[in-house]
Amino acid sequence: MNKSLAPIILFVYNRPWHTEETLEALMNNELANQSTLYIYCDGPKADASEEYLNKIKEVRNLIRKKNWCKEVVIIERDSNLGLANSVIKGVSEVIERHGKVIVLEDDILTGKYFLKFMNDGLEIYENDELVYGVSGYCFPHSKKNQEKTYFLPIMSSWGYGTWKNRWNKINFSGEELLNEVVSEKLVNQLDFGEIQFYRMLQDQVSGKNDSWAVRFYVSMYLNNGVFLYPNSALLKNIGFDGSGVHCTFDSSKIHEGPFDNNIDIPVKREKVEVKRKISQNFLDKDKIKEKKIRRIGRKFRRLIAPEIIQLLKRKSNILKKETKVLEIPRYTKTSVQLEGRRIYIPDIASFRFMHKEIFEQEIYKFKTSTLEPYIIDGGANIGLATIYFKKLYPLSKIVCFEPDPEIFKTLKQNIGVFNFRQIELIQKGLWNANSKLFFKSEGADAGLIAEIDKNNSTPESEIEVVSLKPYLQQPVDFLKLDIEGAETVVLRDIQDDLGNIKRIFVEYHSFVGQSQTLNEIIEILTKAKFRLHISSPGLASISPFMNLNVYNNMDMQLNIYGYKEN
């Protein structure tokens with residue numbers, strides 16, 4: 001190998017713990033004591049809070065804590081460039097001086113031989129101009145490849161290396177790239193497996209993301225370029241905890257594959273080509289999913305008692321086979337793709353049920369000639385209904401109520417992912433007065449006010465509750481009330497204001513051992529001139545005289561739809 005090692009660039013900002021973990025791992029690399037490290041510190045945003053400023057300061061103190069490599073060069077920006085501009089400018093500066101670079105961000109843990117692999121790859125393929133870079137990452141695959149290294153027509157920004165003449169070929173104008181992709185009719189060819197690069201490029205151009213990596217990838221794709229990869233991961237991303245710019249919370253990716261700190265993968269010259277058999281291992285989504293399910297299933301079968309598995313059955317019989325619930329345990333935070341975005345969920349079972357109702361069955365679908373319909377989402381949970389309403393009517397004005405503190409955080413995060421406008425998020429429950437009440441969180445979509453089910457609710461925390469009346473002083477195109485038993489109290493409170501509501505949805509809950517109020521709800525709605533339709537969403541009993549199904553101390557749920565005939 002050439003004695004001239006590639007310099008390392010590390011981009012940091014305001015994550016001290018991640019930064020220290022990244023630097024400690026880097027320092028333990030075999031070639032760290034022979035390498036030069038450039039650390040780029042982005043500057044604070046103009047509206048940065050005191051907390052953010054302190055974290056930035058902590059990071060800048062931390063990077064001076066040790067001699068992480070043979071030589072450490074620190075560049076501190078006075079103002080905030082943002083991740084993309086910081087990377088583009090920083091890499092351009094260093095690569096112009098050295099001809100090649102290895103690039104890390106502040107959430108990448110590297111194995112002991114990561115630098116060796118990267119330097120070997122950069123040395124061996126320096127003159128093969130179709131090779132745009134080398135990566136220490138290994139994408140999820142259906143089976144392990146026998147070849148130690150291989151090429152894929154996709155780049156990875158997690159611990160990569162490249163050369164000056166390849167970097168200079170990258171077109172960082174997303175608009176120009178998008179036009180070329182469309183004109184060359186490559187729209188349907190740009191994606192790779194589940195990675196929606198075309199959508200990512202569209203979002204970059206429209207300002208919904210600031211990804212430099214998608215511009216690198218598309219430029220490489222248009223030039224038939226490839227990246228070199230190892231057959232086992234030489235790094236691990238620790239940024240899927242909600243702290244990063246692009247890597248927000250995603251427990252399913254906290255550990256995507258095996259990561260052994262001591263793996264040493266040799267790099268030997270191979271023909272620069274993408275082998276169909278290897279590429280298919282990364283595109284076979286069903287096999288990758290099955291492999292992941294088997295791995296998780298084996299682990300949790302040993303941990304979960306049979307009677308606990310029964311509790312995994314949600315509002316309906318969506319999980320008909322017990323084995324299906326082992327894809328991921330209940331109440332485990334994870335993320336999923338929805339409408340081209342990655343959203344965050346606290347519980348896979350409740351998400352599946354809600355997704356089926358809202359996006360597949362479209363139980364909330366309605367027609368209106370109003371360009372900006374006013375919608376109230378009572379019991380917004382993690383935001384699926386709100387996202388659906390925005391898909392249905394992009395200009396709609398929506399007010400969301402969600403009292404559960406943890407669920408509200410997820411709601412706020414999910415709405416933020418879509419960059420929606422005209423949405424008001426209110427961390428309060430609905431009741432018949434402005435007050436505070438005790439609340440019991442279920443961890444998913446069934447948290448309830450202790451006052452509602454006194455026989456089965458041990459208070460955990462206090463929440464604020466409000467009357468809905470002030471929000472009904474204008475025409476309401478759609479009112480959704482999925483508020484876990486508070487619906488009767490709320491409807492009593494607003495019955496004189498129902499004239500302003502054009503459509504209403506009420507999820508009715510009947511609790512074991514308590515008086516049923518279905519007749520009162522029907523009376524309130526019919527007096528307000530709603531015509532009703534009632535269906536059962538899942539918690540129903542086929543033979544209730546013999547066997548009454550009960551969930552969360554509820555013995556019945558009904559979906560009540562109210563609409564006014566012209």
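Scroll up a little and you will see the structure.
Here's a quick rundown of the structure. Everything quoted here is computed from the prediction, not taken from an experiment.

## Section: a negative patch on the surface
Here's step 1: A cluster of acidic residues, Glu175, Glu176, Glu180 and Glu184, forms a negative patch on the protein surface.
Here's step 2: Its place among the elements puts glutamate 176 in helix H6 (residues 174-183).

## A few points about the pattern of salt bridges
Here's step 1: Within the structure shown, the criterion is met by 28 salt bridges.
Here's step 2: Ionic pairing is found between aspartate 497 and lysine 469, a salt bridge with its closest N-O pair at 2.7 Å. Taken together, the positions of aspartate 497 in the loop between helix H15 (487-494) and strand S21 (503-511) and lysine 469 in the loop between strand S19 (461-467) and strand S20 (478-481) put the pair 28 residues apart, joining distant regions of the chain.
Here's step 3: Accessibility expressed as a relative area gives 29% for lysine 469, which makes it partly exposed.
Here's step 4: Three or more residues joined by partner-sharing salt bridges are found here, namely Arg15, Asp106 and Asp107.

## Considerations on the pairing of strand S2 (residues 36-41)
Here's step 1: In terms of residue burial, S2 counts as a mostly covered element, since five of its six residues are buried.
Here's step 2: Relative to S2, strand S1 (residues 8-12) runs parallel, the two being bridged by five bridges. In the strand pairing of S2, isoleucine 8 is matched with leucine 37.
Here's step 3: Following the chain from S1 across helix H1 (residues 16-27) to the adjacent parallel S2, one finds a crossover that is right-handed.
Here's step 4: As paired strands, S2 and strand S3 (residues 71-76) are joined by six bridges and run parallel to one another. Within the sheet, the bridge partner assigned to tyrosine 40 lies in S3 and is isoleucine 75.
Here's step 5: For the segment spanning S2, helix H2 (residues 50-62) and S3, crossover handedness is right-handed.

## With respect to the sheet that holds S21
Here's step 1: Reading across from one edge, S15-S14-S13-S20-S21-S23-S22 is the order of the seven strands in this open sheet, with mixed pairing throughout. With partners counted over all chains shown, the strands left at the sheet margins are strand S15 (423-426) and strand S22 (531-535), one partner each. Taken over all neighbouring pairs, the strand axes of this sheet differ in orientation by 15° on average, direction set aside.
Here's step 2: Of the strand pairs in this sheet, strand S14 (residues 397-401) and S15 are connected by four bridges, and their pairing is parallel. If you follow cysteine 400 over to S15, its bridge partner there is leucine 425.

## Let's talk about the packing of H1 against H2
Here's step 1: Taken N-terminus to C-terminus, the directions of H1 and H2 make an angle of 20°; their axes are 9 Å apart at the nearest point. Compared by their axis directions, H1 and H2 come out roughly parallel. Handedness of the crossing formed by H1 with H2: right-handed. Contacts from Pro16, Thr19 and Glu20 of H1 reach H2 at Lys55, Glu58, Val59 and Leu62.
Here's step 2: Of the residues assigned to the contact of H1 with H2, the class counts are three nonpolar, one polar and three charged.

## Points about the nonpolar core
Here's step 1: Residues Leu37, Val91, Trp212, Phe216 and Tyr217 are the most contacted members of the largest nonpolar core, which totals 81 residues.
Here's step 2: When residues of this core are assigned to their parent elements, the largest contribution, seven residues, is made by helix H8 (residues 213-222).
Here's step 3: Among residues more than four places away in sequence, those in contact with tryptophan 212 are Ala84, Val87, Ile88, Glu105, Met155, Ser157, Tyr160, Trp167 and Phe172.
Here's step 4: Core analysis: the next-biggest nonpolar cluster, separate from the first, contains 41 residues, Phe439, Val466, Leu468 and Leu491 among them.

## Remarks on the sheet that holds strand S7 (residues 149-152)
Here's step 1: Sheet architecture is open: eight strands sit in the order S3-S2-S1-S4-S8-S6-S9-S7, paired in mixed fashion. Strands at the two margins of the open sheet, each flanked by one partner only, are S3 and S7. Going across the sheet, the axis of each strand differs from the next one's by a mean of 25°, ignoring polarity.
Here's step 2: The sheet contact formed by S1 and strand S4 (residues 100-105) spans four bridges and is parallel. The residue of S4 that forms the bridge with phenylalanine 11 is glutamate 105.

The rules behind each value
Residues numbered from 1 in each chain as written. Predicted model: local features only at pLDDT ≥ 70, side-chain atom pairs only at ≥ 80, totals over all residues. Heavy atoms only, no water. Patch = residues over 30% accessible without salt bridge, like charges linked within 9 Å, V, L, I, M, F, W, Y side chains within 5 Å. Areas by Shrake-Rupley, 256 points an atom, 1.4 Å probe, with all protein chains shown as cover. Salt bridge = Lys/Arg side-chain N within 4 Å of Asp/Glu carboxyl O. Lys, Arg positive; Asp, Glu negative; His and termini not counted. Charge placed at Lys NZ, Arg CZ, Asp CG, Glu CD. Helix = DSSP H or I, 4+ residues; strand = E, 2+ residues; numbered from the N terminus. Buried < 20%, exposed > 50% of the residue type's maximum accessible area, 1.4 Å probe, protein only. Pairing = 2+ DSSP bridges. Right-handed = clockwise from strand over helix to strand, strands pointing away. Axes fitted to C-alpha atoms, helices over the stretch in contact; angles between N-to-C directions. Parallel < 35°, antiparallel > 145°, perpendicular 65-115°, else oblique. Left-handed = near helix turned anticlockwise from the far one by under 90°. Contact = heavy atoms within 4.5 Å. Nonpolar A, V, L, I, M, F, W, Y, C, P; charged D, E, K, R; others polar. Core = buried A, V, L, I, M, F, W, Y, C linked by side-chain atoms within 4.5 Å.

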